[in-house]
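Here's the letter readout for the chains.
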Amino acid sequence: MSTPLSSGVHKRFNSDQSSDVKSKPEKAMVYAITKDNRALVATELDSMYRDRKRVFVDRLKWNLPVVYGIYEKDQFDTEDAVYIVAADPNTGQHHGSLRLIPSLKPHMLRDVFSALCEDGVPCGPDISEMTRICLSPSVRREEARRSLGLVWLGAIEFGMANGIRLMTGLTHAPMFANIAAAGIEVEPLGREKFFESVPYAALQTRIGKDVLERERARLGEREPVLSYRPFASAAA
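None of the values given here were measured: they were computed from a predicted structure.

## Description of unusual backbone geometry
Residue tyrosine 68 is not a glycine yet carries a positive backbone phi of 55°. Among the secondary structure elements, tyrosine 68 is positioned in the loop between strand S2 (66-67) and strand S3 (71-72). Unusually for a residue other than glycine, arginine 132 sits at a positive phi of about 50°. Within the element layout of this structure, arginine 132 appears in strand S6 (residues 127-135).

Set out below in structure tokens:
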């Protein structure tokens, strides 16, 4: 990547579309961003990377790579990564997100934090790693946590559509409150350990039809929430 993601990214809606704005959805849109549709959701992806830097580097002081001084991106942000992102439907502003990586590909738990798993890192074609759970500092806490619940629901929908039955991950201790608020039921894979003075723990969570139905009921969502393109593109 030779230039910032925001270079050349157009606004989601222009003046010629003003008559359509009234019909735009009010709640956050939830996207599955893959290697195949990243150009369609460049604004959302740009905003996500910026918020990851604000949260993980600026606020939490993690020692992580920073690109162009504005993006937090690491060696696992490759074409294999899928991002489940909740964003404002009109502006593309990031509200909340997480990253999924197939467990048979390089990923954090296997390649960096395997010591967190007392019985080995779970890997297989039906297992993906879920990391980089991020809430935007620019969004009110209640709205951000609602968006994170939608992100988790979107991750379940994506997982079930792609043959995933188990998601693993790791997080630092303060993030457990946000995980619980999002409705994610987790099982520990080992004891908490410190890395660079930060406490981390590995976890796993099962997904299936029962989990999908429970989360839809909890969030009051009767239909799938996941989309692969912005509202304007879908309506065109």
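Continuing now.
## Re helix H5 (residues 209-219)
Listing the buried residues of H5 in full gives Val211, Leu212, Glu215, Arg216 and Leu219. Viewed end-on, H5 has its buried residues packed into an arc of 130°, placing them on one side of the element. Exposed residues pointing more than 90 degrees away from the buried face of H5 are listed as Lys209 and Ala217. Summarising the contacts, the buried residues of H5 are in contact with helix H3 (141-161) and strand S10 (198-206). In the stretch just after H5, glycine 220 is the one whose phi turns positive, near 70°.

## Quick look at the confidence of the model for the chain
Of all residues in the chain, 86% have pLDDT values of 70 or greater, and the mean over the chain is 86. Under a pLDDT of 50 for its full length, residues 7-25 has, in the predicted model, 21 contacts with residues more than four places off or in other chains.

## Topic: the packing of aromatic side chains
Aromatic rings considered in pairs are described by the distance between their centres and by the relative angle of their planes. Going through the model one piece at a time under the given rule, you end up with 8 aromatic pairs. Judged by centre distance (6.4 Å) and plane angle (80°), the rings of tyrosine 68 and tyrosine 71 are edge-to-face. Note on tyrosine 68: relative accessible area 38%, which makes it partly exposed. Residue classification places tyrosine 71 among the buried residues on the basis of a relative accessible area of 0%. For the ring pair phenylalanine 195 and tyrosine 200, a centre distance of 6.1 Å and an interplane angle of 75° mean the geometry is edge-to-face. Among the aromatic residues, those joined into a ring-pair cluster are Phe56, Trp62, Phe113, Phe195 and Tyr200. Lying across the ring of phenylalanine 56, arginine 132 places its NZ or CZ 5.5 Å from the centre.

## A look at the side chain of glutamine 204
By the secondary structure assignment, glutamine 204 is in strand S10. Judged by relative accessible area, glutamine 204 falls into the buried class, the value being 16%. When sequence neighbours within four positions are dropped, the list of residues in contact with glutamine 204 reads Pro122, Leu166, Met167, Thr168, Glu185, Val186, Glu187 and Leu189.

## Structural notes on the pattern of salt bridges
By the definition in use, this model includes 18 salt bridges. Arginine 132 is the partner of aspartate 74 in a salt bridge, and the nearest nitrogen-oxygen pair spans 3.1 Å. With aspartate 74 in the loop between S3 and strand S4 (82-87) and arginine 132 in strand S6, the pair connects residues that are 58 residues apart, well separated along the chain. One exposure class covers both aspartate 74 and arginine 132, and it is buried. Taking the shortest distance from any N to any O, the salt bridge between arginine 165 and aspartate 126 comes out at 2.6 Å.

Definitions and cut-offs
Residues numbered from 1 in each chain as written. Predicted model: local features only at pLDDT ≥ 70, side-chain atom pairs only at ≥ 80, totals over all residues. Heavy atoms only, no water. Helix = DSSP H or I, 4+ residues; strand = E, 2+ residues; numbered from the N terminus. Buried < 20%, exposed > 50% of the residue type's maximum accessible area, 1.4 Å probe, protein only. Arc of directions from axis to C-beta. Contact = heavy atoms within 4.5 Å. pLDDT = per-residue confidence, 0-100. Phe/Tyr/Trp six-rings, centres within 6.5 Å; stacked < 30°, edge-to-face > 60°. Lys NZ or Arg CZ within 6 Å of the ring centre and 35° of its normal. Salt bridge = Lys/Arg side-chain N within 4 Å of Asp/Glu carboxyl O.

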